[in-house]
Each structure stands twice: as structure tokens, then as C-alpha cells.
Amino acid sequence: MTGSTGPAGATGAVGFTGATGPQGLAAAGASHCTVTAPTLLLGGTASVTGTWDVPMTTTTYGVIVEPSTSSLLGSVSWQVVTKTTTQVTLTVKALVAIASSGTLYLSAVR
């Protein structure tokens, strides 16, 4: 009997919903800015403030800091001090005898 079909079978159980990963930068509405860390002597600190290219909707975002040159890696540390919807302020500290000035690229992510 060609073309004959039997009754439809029972529908199987629905599987579990998979895990949801973190939002990507574009999906999260990321914003970016740069700040320039001045030349610092060992233990010296400086406060630097950057203005986001796109304002954030809240102040509950993370900040990713990327040094522009490898000379800043290991020679300075940084800590986020304040975050607003339009700006972020970091304290930069020299970890070596003389930390040369350089640019830090900042990204805000939710």
C-alpha cells in the first residue's frame, strides 16, 4: 500500500532550555573611551576620567581596561573609582620605578 500512513504518534517530552551566555558587547549596548595615564614614579598615583562615546542607561556596568602598549602591562595597576552613565574615573598606580605615560582603552559592558 503505497502512500498509506498510520495514526500520528504521541508528542515527545520537551527538552530542557539551554544555558544563556553573557551578552556580547554589541548586544549589551557597550560604550568606549580612552584615557591617558601620565608618567608616574614608583608608588605614584593619578586620577584619570574618560567620557563614554555612548551614555550608559544605568551605572551597573562593568569596565574592561586594555593598555594600548605592552609597556604599560605590569608597570601600572588601575582601579575603577566612580562610574556614572556618562563617565568613568580610574586611579592609576605605578608599579615600577618609572611608568611611562600611555593610553588605556576602556569598554563599558552590562
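Use the structure listed above.
Cut-offs and rules
- Residues numbered from 1 in each chain as written.
- Predicted model: local features only at pLDDT ≥ 70, side-chain atom pairs only at ≥ 80, totals over all residues.
- Heavy atoms only, no water.
- Core = buried A, V, L, I, M, F, W, Y, C linked by side-chain atoms within 4.5 Å.
- Buried < 20%, exposed > 50% of the residue type's maximum accessible area, 1.4 Å probe, protein only.
- Helix = DSSP H or I, 4+ residues; strand = E, 2+ residues; numbered from the N terminus.
- Contact = heavy atoms within 4.5 Å.
- Phe/Tyr/Trp six-rings, centres within 6.5 Å; stacked < 30°, edge-to-face > 60°.
- Lys NZ or Arg CZ within 6 Å of the ring centre and 35° of its normal.

(A) The nonpolar core, seen in detail. Ranked by internal contacts, the top residues of the largest apolar core, which has 20 residues, are W52, V88, L90, V92, L104 and L106. Listing elements by their share of this core, those giving two or more residues are β1 (31–37), β3 (45–51), β6 (87–94) and β8 (102–109). A per-element tally of this core places β6 first, with 4 residues. Leave out the neighbours within four places in its chain, and V92 touches A37, L40, G44, T45, A46, V48, V76, S77, W78 and L104.

(B) Layout of the packing of aromatic side chains. The tally for this structure, following the rule as stated, stands at 1 aromatic pair. Between the aromatic rings of W52 and Y61, the centroid separation amounts to 5.8 Å while the plane-to-plane angle is 85°, which identifies the pairing as edge-to-face. Accessibility assignment for this pair places W52 and Y61 in one class, buried. Taking the ring centre of Y61 as reference, the NZ or CZ of K83 above it sits at 5.0 Å.

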